[in-house]
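Observations on chain architecture
Spelled out from the first residue to the last, the chains are:
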Amino acid sequence: MNSRELALFEKVFGAVIEGGLYQTKSKLAASMEAKGYIVKREYKLPDPHFGTITIAGYDQTVLGNALYCMSDHCKGTS
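Described below are features of the structure shown in this document. Only a predicted model underlies this, so the values are computations on that prediction, with no experimental measurement involved.

1. Side note on the nonpolar core
Membership of the largest hydrophobic core is limited to 11 residues, which are Leu6, Leu8, Phe9, Val12, Leu28, Ala29, Met32, Tyr37, Ile38, Tyr58 and Tyr68. Within the residue set of this core, elements represented by two or more residues are α1 (3-17) and α2 (27-35). Considering every element that reaches this core, the biggest residue donor is α1, with four residues. Excluding residues within four positions of it along the chain, leucine 6 makes contact with Met1, Tyr68, Ser71 and His73.

Written as structure tokens, this is what we have:
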């Protein structure tokens, strides 16, 4: 992973830790999805007042998480 990918993955990681998904329409995110580092998820939640609420965004994969955690960026030495 290069530094731009590591920075984006850190944002995805943070969103997942906070219990959400990272929302973006960037070309970098699409590229990282194609490499298998992140994955686009979509959740549909039923709501009695508003019908169905759709939540979409990026989640981390095991491959992306492993590469991020083995990088110097994760260790805090970059």
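After presenting the structure, the write-up continues.
2. As for the packing of aromatic side chains
Overall, the coordinates contain two aromatic pairs when judged by the stated rule. Seen in terms of ring centroids, phenylalanine 9 and tyrosine 68 are 5.4 Å apart; in terms of plane orientation they differ by 40 degrees. Their pairing is tilted. Pair noted here: phenylalanine 9 is in helix α1 and tyrosine 68 is in helix α3 (residues 62-70), with a separation of 59 residues, a long-range link. Each ring, one from phenylalanine 13 and one from tyrosine 68, has its centre 5.9 Å from the other, and the planes form 35 degrees; the classification is tilted. Separated by 55 residues along the polypeptide, phenylalanine 13 in helix α1 and tyrosine 68 in helix α3 bring together distant segments of the chain. Through successive ring pairs, a cluster of aromatic residues spans Phe9, Phe13 and Tyr68.

So, how was this worked out
Residues numbered from 1 in each chain as written. Predicted model: local features only at pLDDT ≥ 70, side-chain atom pairs only at ≥ 80, totals over all residues. Heavy atoms only, no water. Core = buried A, V, L, I, M, F, W, Y, C linked by side-chain atoms within 4.5 Å. Buried < 20%, exposed > 50% of the residue type's maximum accessible area, 1.4 Å probe, protein only. Helix = DSSP H or I, 4+ residues; strand = E, 2+ residues; numbered from the N terminus. Contact = heavy atoms within 4.5 Å. Phe/Tyr/Trp six-rings, centres within 6.5 Å; stacked < 30°, edge-to-face > 60°.

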